[in-house]
Amino acid sequence: MQKNKKILIVSECFYPEEFKINDVALSWKDMGYDIDVLTLVPTYPAGKVYPGYKNRFFFYKETYQDINIIRIRAVTGYKFSLIKKCLRYINFMFVGSIIAIFTGKKYDYVFGWNGGALTDMLPAVFIHKLYKKPTMFWVQDVWPDSVYAYGFKKTKILSIPLDIFVKFI
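Bear in mind that the values here come from a model prediction, so they are computed numbers and not experimental data.

Undergrad: Got a sec to walk through the state of the cysteines? Specific residues and values, please.
TA: Enumeration over the complete set of coordinates arrives at zero disulfides. In this structure Cys13 is a free cysteine whose sulfur lies 16 Å from that of Cys86, the closest cysteine sulfur available. Residue classification places Cys13 among the buried positions, given a relative accessible area of 6%. The class for Cys86 is partly exposed, based on a relative accessible area of 31%.

Below is the structure:
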């Protein structure tokens, strides 16, 4: 008996937040793949934890329609605070990368769904670089242009590290 291929989806947002990645995950599950999702505790768009969910210390696991979900603690209150918004992205980037380093070897494929900051894709990149897993991204936002559109001035001190980061991803 052949074992199902395992796909890890890396996405800052997932069910119950309403995004296309939910349909993609369910479709792949229906095709026979084992699906895991690395995501945040749901807070989008209000910046508050959804009713029925808890913002636990580091991360926790749950399932949704036979999809395994690893939920990382989310920074809340980001809707009206640039600092908290940046912390939200940094939090997912670092905690997600730590989890990816320890769990990434077991996946056959990695799929990154990027609906916001490109920093969300760092956990997927680590799995690809460390374990040579086939990796694909579905990017919804153009970086670094979206950073400047958000109000940051395009200076050398900002654009050089952003360009290096984008090239690395």
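So, next bit.
Undergrad: Describe unusual backbone geometry, and please don't skip the residues or the numbers.
TA: With the exception of glycine, the majority of residues adopt a negative phi angle, and the majority of peptide bonds are in the trans configuration. For the peptide bond that leads from Tyr15 to Pro16, omega is 10°, which places it in the cis range. Within the fold, Pro16 resides in the loop between β1 (6-10) and α1 (20-30). That bond from Tyr44 to Pro45 is cis: its omega, 10°, falls within 30 degrees of zero. For Gln65, which is not glycine, the phi dihedral falls at a positive 50°.

Undergrad: Give a description of the environment of Asp23 that names residues and reports values.
TA: As for its position among the elements, Asp23 is in helix α1. For Asp23, a relative accessible area of 43% gives the class partly exposed. With 55 residues separating them along the chain, Asp23 and Tyr78 place their C-alpha atoms 26 Å apart.

Undergrad: So what's going on with the packing of helix α2 (residues 82-103) against helix α3 (residues 122-131)? Residues and values would help.
TA: Interaxial distance between α2 and α3 falls to 8 Å at its minimum, and their mutual angle equals 30°. One way to sum up the angle between α2 and α3 is to call them roughly parallel. The chirality of how α2 crosses α3 is right-handed. Residues Phe92, Met93, Gly96, Ser97, Ala100 and Ile101 of α2 pack against Leu122, Pro123, Phe126, Ile127, Leu130 and Tyr131 of α3. Its residues assigned to classes, the contact of α2 with α3 shows ten nonpolar, two polar and no charged.

Undergrad: Explain the sheet that holds strand β4 (residues 67-72) to me, and be specific about the residues and the numbers.
TA: Read from one edge to the other, the open sheet built from six strands follows the order β3-β4-β2-β1-β5-β6, with strand pairing classed as mixed. Since the sheet does not close on itself, it has two edges, and those belong to β3 (59-64) and β6 (135-139), each with one partner. Mean inter-strand twist for the sheet, computed between neighbouring axes without regard to direction, equals 20°. Two strands pair when backbone bridges link them, and β1 and strand β2 (residues 34-40) are joined in this way by five bridges, in the parallel orientation. Bridging from a neighbouring strand, Ile7 pairs with Ile35 of β2. Its contacts with the sheet place α1 against β1, β2, β3, β4, β5 (109-114) and β6, and it is angled at close to 175° to β1. Together, β1, β2, β3 and β4 form the strand contacts of α2, whose direction differs from that of β2 by roughly 140°.

Undergrad: Which residues make up a nonpolar patch on the surface, and what values do they have?
TA: A cluster of nonpolar side chains, contributed by Phe57, Phe58, Phe59, Ile98, Ile101, Phe102 and Leu130, occupies part of the molecular surface with about 760 Å² of accessible area. The dominant element in the nonpolar patch, judged by the number of residues it contributes, is α2, at three residues. Inspection of the secondary structure puts Leu130 in helix α3. Residue Leu130 is classed as partly exposed on the basis of its relative accessible area, which comes to 48%.

Undergrad: If you had to explain the nonpolar core to someone new, which residues and values would you point to?
TA: Counting residues in hydrophobic clusters, the biggest one holds 30 residues, and the most contacted among them are Val10, Leu38, Ile72, Trp143, Phe165 and Ile169. If you list the elements that add at least two residues to this core, you get β1, β2, β4, α2, α3, α4 (145-149) and α5 (156-168). With five residues, the top contributor of residues to this core is α2. Other than its neighbours up to four places away in sequence, Trp143 contacts Gly116, Ala117, Leu118, Thr119, Leu162, Phe165 and Val166. In terms of nonpolar packing, the next biggest core, distinct from the first, is built from 14 residues, Ile9, Val24, Ile35 and Phe111 among them.

Cut-offs and rules
- Residues numbered from 1 in each chain as written.
- Predicted model: local features only at pLDDT ≥ 70, side-chain atom pairs only at ≥ 80, totals over all residues.
- Heavy atoms only, no water.
- Disulfide = S-S within 2.5 Å.
- Buried < 20%, exposed > 50% of the residue type's maximum accessible area, 1.4 Å probe, protein only.
- Helix = DSSP H or I, 4+ residues; strand = E, 2+ residues; numbered from the N terminus.
- Axes fitted to C-alpha atoms, helices over the stretch in contact; angles between N-to-C directions.
- Parallel < 35°, antiparallel > 145°, perpendicular 65-115°, else oblique.
- Left-handed = near helix turned anticlockwise from the far one by under 90°.
- Contact = heavy atoms within 4.5 Å.
- Nonpolar A, V, L, I, M, F, W, Y, C, P; charged D, E, K, R; others polar.
- Pairing = 2+ DSSP bridges.
- Patch = residues over 30% accessible without salt bridge, like charges linked within 9 Å, V, L, I, M, F, W, Y side chains within 5 Å.
- Areas by Shrake-Rupley, 256 points an atom, 1.4 Å probe, with all protein chains shown as cover.
- Salt bridge = Lys/Arg side-chain N within 4 Å of Asp/Glu carboxyl O.
- Core = buried A, V, L, I, M, F, W, Y, C linked by side-chain atoms within 4.5 Å.

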